[in-house]
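# Structure assessment
The lines below spell out each chain.
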Amino acid sequence: MSTRSTWLIAGEVVVLIVAAAVAAVDSSAADWRPPELFAVLLVLAIVSDLLAIRHKVQRVSGSFLALVLAMALLGPAPAAAIGVISVLVDQLRSRNPLPRFITNVATYATFPLVGGLLIQWAADAFGLDEDDLAFSLLILGGFMVANLLNFLMIAGDYVFHSRGSLAHEFRTIFVPVLPSESVSALLCVFVAFVYARSGFAALSLLALVLLTFQYLLRELLRSQDRAERLAALQIGVLTSMIETLALRDRMTARHSAAVARYARAIAEEMGLEPDRQELVHTAGLLHDIGKFAFPDSILLAEHPLTEEQWEAIRRHPADGARIVQRVEGYGPVAAIVLCHHERWDGGGYPRNLAGEEIPLLARLISVADAYDVMTARDSYRTPVPPAAAVAELRRQSGTQFDPQVVDAFVRLLESQDLSFGHADDADFEAELAFEHRVRDIARRHSMSRS
């Protein structure tokens, strides 16, 4: 341990001793009555800490609320005692190193004591009782002062040892949680108001409700975190499969990226909702994932394929759909992958669907797929000029392709440059990057709705 750390710990020990002395001098028998109130707030603080869960930058716990209620309803000494006891109980579970333990004890002895003294002084100065409406303002003020002092002591210790910036910690940790802390402060005022008007029984019921709510919230956040990690893992697996396929056959990988770009543009041209535009982009990237199982004799063939090999190729939509279906939440993508080789006239595969029986987004993939195969320089067939490809799309409109989709795509091609650089791996990487951004945004939106 460095000399500077030793001096800091010594200073924190001094703060702890001073806090204990001030609490002892200020304490009176009346502060600890009714004893059942002290017991309920102590249990609330301890159990809330045991149920606490860290989510993003926030630590969800009701212990701070219990401490502020003790500051307001009991007094400085009982509040400090509850803070110290809760830290001691937490230490049995967390086994923090001695320096961190000393910091925690000093902090949880000091801020409840200071907050309680401020509330006590202001209440005496203005002659306020617990059932006065103005007393609520004291609780709000005490909450904010205690919250700030708690942050300064914990963050100050961290900044001192890491040689970071307290201002940076304030901006990145304290400020973002102010809205939720303000809600907690109002909740604290409400609980104190209920106690002043209805007594101990109502407070006990509210404490039970708070603990139950915190438990349910903890389980929800845990479940949400697990789902988020699982979704990220599953998307990573699919992306890795695409990139592995790209290592075996750059043509197929870049073709999938081109189809994703074209299909998303068609969806936008047809006025489909943003979530369906993102869905068809995902399906475009994954529409040929069934080719992952192809042997090199098919994937890299430079000679005419046998009928048996063609049968394997015709199975790739169903194989791809089975792969994608295994990813939770990707059922709609799998349905598109399954149907991207169906024809408008019913002559496609694997299910011989016709017309509007074929999912709309699969019809978009079909048109984008055909155009790219016809025009790509690294296609397995000799490329044709865009005009010739458009003519072929029009010729097959109403037989192989949905006429409305063909019309929308042709409008796009005639109105803007919708090219895809098949010789440039950067285009393939750009489509993968777009997919990652979309999935990240979707997960954040999902969390905000939960």
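As a starting point, this report considers the structure included with it. These figures come from a predicted structure and were not determined experimentally.

Of the regular secondary structure elements, the protein chain holds 19 helices and two strands. At a minimum sequence separation of 6, the contacts of the protein chain that also span at least 24 residues come to 69%. For the protein chain, the exposed area adds up to about 22,300 Å²; of that, 61% sits on carbon and sulfur atoms.

A few words now on the side chain of Ser86. Inspection of the secondary structure puts Ser86 in helix 4 (residues 76-94). From its side chain, Ser86 meets the backbone oxygen of Gly83 in a polar contact 2.7 Å long. When near neighbours in sequence (up to four residues on either side) are disregarded, Ser86 contacts Ala45, Ile46, Asp49 and Tyr108.

Turning to the pattern of salt bridges, a few remarks are in order. The tally for this structure, following the rule as stated, stands at eight salt bridges. Arg343 is the salt-bridge partner of Asp345, the closest N and O atoms lying 3.0 Å from each other. Under the relative-accessibility criterion, Arg343 is labelled partly exposed at 24%. Among the salt bridges present, the one from Glu392 reaches Arg395, with a minimum N-O distance of 2.8 Å. Here Arg395 and Glu392 lie together in helix 17 (residues 386-396), a separation of three residues that amounts to about one turn. A residue is classified by how much of its surface remains accessible, and Glu392, at 28% relative accessible area, is partly exposed. Arg395 sits in the exposed class, given a relative accessible area of 56%.

Among the nonpolar cores identified, the biggest contains 44 residues, and Ile266, Leu364, Tyr371, Leu393 and Phe409 are the most heavily contacted of them. For this core, the secondary structure elements donating two or more residues are helix 10 (250-269), helix 11 (274-286), helix 14 (316-325), helix 15 (331-339), helix 16 (360-375), helix 17 and helix 18 (403-415). In this view, Leu364 contacts Ala263, Ile266, Ala267, Met270, Leu272, Val280 and Val405; residues no more than four positions away in its chain are not counted. Of all hydrophobic cores here, the second largest spans 41 residues; its members include Leu37, Ala79, Val87 and Val191.

Where helix 3 (residues 63-73) contacts helix 8 (residues 178-198), the two axes come as close as 10 Å, and the packing angle between them is 45°. Relative to helix 8, the element helix 3 is oriented oblique. The hand of the helix 3/helix 8 crossing is right-handed. Residue-level contacts link Leu65, Val68, Leu69 and Leu73 of helix 3 to Ser184, Leu187, Cys188, Val191, Ala192 and Tyr195 of helix 8.

Taking 1.5 Å per residue, 21 residues should reach 30 Å; helix 8 reaches 30 Å between its end C-alpha atoms and fits that length. Every buried residue of helix 8 is listed here: Ala185, Cys188, Val189, Val191, Ala192, Val194 and Tyr195. Count one or two residues on from helix 8 and you reach Gly199, which has phi positive near 95°.

Definitions and cut-offs
Think of each chain on its own: its residues are numbered from 1, step by step along the sequence as written. Per-residue local features are limited, in this predicted model, to residues with pLDDT of at least 70; the limit for side-chain atom pairs, both in listing and counting, is 80 or more; totals at the level of whole chains, interfaces and linings are taken over all residues. In computing side-chain properties, one takes all heavy atoms of the structure into account and sets aside hydrogens as well as water. Helix and strand definitions follow DSSP, with helices as H or I runs of at least four residues and strands as E runs of at least two, each counted in order from the N terminus. In what follows, a contact means two residues having at least one pair of non-hydrogen atoms within 4.5 Å. To measure how exposed things are, a 1.4 Å probe is used in the Shrake-Rupley method; for residues, cover is taken only from the protein chains shown. The definition of a polar contact used here is a pair of N or O atoms within 3.5 Å, where within protein one atom must be able to donate a hydrogen and the other to accept one, and adjacent residues in sequence count solely through side-chain atom pairs. When a carboxyl oxygen of Asp or Glu is within 4 Å of a side-chain nitrogen of Lys or Arg, the pair counts as a salt bridge. Exposure categories follow from relative accessible area, calculated using a 1.4 Å probe and restricted to protein chains: below 20% of the type maximum is buried, above 50% is exposed, and the middle band is partly exposed. Here, nonpolar core refers to any group of buried Ala, Val, Leu, Ile, Met, Phe, Trp, Tyr and Cys residues whose side-chain atoms link them within 4.5 Å. Axes here refer to lines fitted to C-alpha atoms; in helices the fit is confined to the stretch in contact. Angles between the N-to-C directions go from 0 to 180 degrees. We call two directions roughly parallel when the angle between them is under 35 degrees, roughly antiparallel when it is over 145, roughly perpendicular when it lies between 65 and 115, and oblique otherwise. Here is the rule for handedness: rotate from the far helix to the near one, and if that takes an anticlockwise turn smaller than a right angle the crossing is left-handed, while a clockwise turn gives right-handed. In this analysis, the expected span of each helix is defined as 1.5 Å times one less than the number of residues it contains.

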